[in-house]
Amino acid sequence: MTHKIGLALGGGGARGSYQIGVLKALEEVGILKQIHHISGSSIGAINTMLVMGKMSFERMVEIWEKIDNHQIYGSGLDRFKMDRMGLFSLQEMYEKLSKEVSLSEIRNSKIEGYVTAAKLKKGSLVEQVMLHRMEKEVFHLNNFIDPHKAVLASASIPVLFGSTEIEGSSYVDGGAVDNCPIQPLIDAGCDIIIAVPIDGWFSPKKYEKSDILLINIEPHKLFHFIPFDILDFKPNAVQNKVDYGYKMGLGMVNKLKSLSLIDHQINFDRPNGFHLVEFTKDEETHITREVV
């Protein structure tokens, strides 16, 4: 049976370099080349675009190690822009991403990329905190008029970075409506979905009525319970997160083999109905001892 494999990259700010390590593991064992649909929110949207551009993992790590608090936040609230209605600006990151992954690379990518953003009723500061009024919108990067702006919108944390304007509408961080977007992959026909959530709030149960194999590579022991680390971009912490993600990715491949869900040629054998595979606490503890 031919399966369609999708990858969901969740939002979580500075935790996003963990996903780079998982991607490296998936590439090493031959799974990444089987993935032709990727869905992301927030920092996961940025990583989605990097993968679409066929960027090497070494280059991804280099980019992550150049992102620091000063680049994101400047020297303080002197970067406050009343017209953006946010405390800081993501314009510098937008310009750098536009140079790293070109429009033609996105248009011609063999990977179908989807990013989720939250659409506001009005472009005001108050609307940025009214979650019940937001609408989920999924942008298909391959054919969207400005995919870089769509990624920026998905990463626009309300109030902190303000909203992003696209064709007359205002958008904020996709995490406000769906922080690990599985549904776009289901809608694309994926029956095997690898999820890499990093915010600690992922709920696989909401997909129990779907006929999919859901592989959850969510870390629980790497990050702080109180998520202050999400906004703390430390270049010297990037490699540890990458290494952790790499070990978790390889560990999940070994678990899938032990469950006979993939064979040694990395062919998937998906059971009918909804099936969830994730790490137990003991399994992740074993991985933690190898990395930390």
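Provided above is the structure to which this section pertains.
Here we take up the packing of aromatic side chains. According to the stated counting rule, one finds 5 aromatic pairs in the structure shown. What links up through ring pairs into an aromatic cluster is the set Tyr-18, Phe-223 and Tyr-244. A cation over an aromatic ring shows up here: Lys-24 above the ring of Tyr-246, its NZ or CZ 5.1 Å from the ring centre.

Before going further, it helps to spend a moment on the pairing of strand β6 (residues 169-172). Because side chains alternate across β6, one face comprises the buried residues Ser-169 and Tyr-171, and the other comprises Ser-170 and Val-172, equally buried. The pairing of strand β3 (residues 112-119) with β6 spans 2 bridges and is antiparallel. Within β6, the position partnered with Ala-118 by the bridge is Val-172. For strand β5 (residues 164-166) and β6, the ladder comprises 3 bridges, and the chain directions are antiparallel. Of the residues in β6, the one forming a bridge with Glu-165 is Ser-170. Hairpin geometry of β5 and β6 is characterised by an intervening segment of 2 residues between the two adjacent antiparallel strands and by a positive phi of about 50 degrees at Glu-167.

Core analysis: the biggest nonpolar cluster contains 70 residues, and Leu-7, Tyr-18, Ile-35, Ile-194, Ile-215, Ile-217 and Phe-268 have the highest contact counts within it. Each residue touching Ile-35, except ones within four places of it in the same chain, is listed here: Ile-5, Gly-6, Leu-7, Leu-26, Ile-111 and Ile-194.

A separate point is the environment of Lys-33. Inspection of the secondary structure puts Lys-33 in the loop between α1 (17-29) and β2 (35-41). Between the C-alpha atom of Lys-33 and that of Tyr-73, which follows or precedes it by 40 residues, the distance is 36 Å.

Let us now look at helix α2 (residues 43-52). Buried residues dominate α2, accounting for 10 of its 10 residues. Listing the buried residues of α2 in full gives Ile-43, Gly-44, Ala-45, Ile-46, Asn-47, Thr-48, Met-49, Leu-50, Val-51 and Met-52. Following α2 by one or two positions, Lys-54 adopts a phi angle in the positive range, close to 55 degrees.

This brings us to the layout of surface pockets. Roughly 440 Å³ of volume is contained in the largest pocket. Along the walls of the largest pocket sit 24 residues, with Gly-13, Ser-42, Ile-157, Asp-173 and Ile-230 positioned nearest its centre. A per-class count over the lining of the largest pocket returns 15 nonpolar, 7 polar and 2 charged.

Running from N to C, α2 and helix α3 (residues 57-66) cross one another at 145 degrees; their axes reach a closest spacing of 11 Å. Note on packing geometry: the crossing formed by α2 with α3 is right-handed. Counted together, Ile-43, Asn-47, Leu-50 and Val-51 of α2 and Met-60, Ile-63 and Trp-64 of α3 form the full contact between these two elements. For the contact of α2 with α3, the residue count by class is 6 nonpolar, 1 polar and no charged.

This part takes up the environment of Lys-241. Structurally, Lys-241 can be placed in helix α9 (residues 238-258). Judged by its relative accessible area of 11%, Lys-241 falls in the buried class. Separated by 185 residues in sequence, Lys-241 and Ser-56 have C-alpha atoms that sit 17 Å apart. Leaving out residues up to four positions away in the same chain, Lys-241 has contacts with Ala-14, Arg-15, Ser-17, Tyr-18, Leu-222 and Phe-223.

Time to look at the state of the cysteines. In the structure shown here, the tally under the stated rule is 0 disulfides. Between Cys-180, a cysteine without a disulfide, and Cys-190, which holds the nearest cysteine sulfur, the sulfur-to-sulfur distance is 13 Å. A relative accessible area of 6% means that Cys-180 is categorised as buried.

Scoring rules and cut-offs
- Residues numbered from 1 in each chain as written.
- Predicted model: local features only at pLDDT ≥ 70, side-chain atom pairs only at ≥ 80, totals over all residues.
- Heavy atoms only, no water.
- Phe/Tyr/Trp six-rings, centres within 6.5 Å; stacked < 30°, edge-to-face > 60°.
- Lys NZ or Arg CZ within 6 Å of the ring centre and 35° of its normal.
- Buried < 20%, exposed > 50% of the residue type's maximum accessible area, 1.4 Å probe, protein only.
- Helix = DSSP H or I, 4+ residues; strand = E, 2+ residues; numbered from the N terminus.
- Pairing = 2+ DSSP bridges.
- Core = buried A, V, L, I, M, F, W, Y, C linked by side-chain atoms within 4.5 Å.
- Contact = heavy atoms within 4.5 Å.
- 1 Å grid on protein atoms, 1.4 Å probe; cavity = no way out; pocket = protein on both sides within 12 Å on 5 of 7 lines; lining within 4 Å.
- Points joined across faces, edges and corners; volume = space filled by probe spheres on them.
- Nonpolar A, V, L, I, M, F, W, Y, C, P; charged D, E, K, R; others polar.
- Axes fitted to C-alpha atoms, helices over the stretch in contact; angles between N-to-C directions.
- Left-handed = near helix turned anticlockwise from the far one by under 90°.
- Disulfide = S-S within 2.5 Å.

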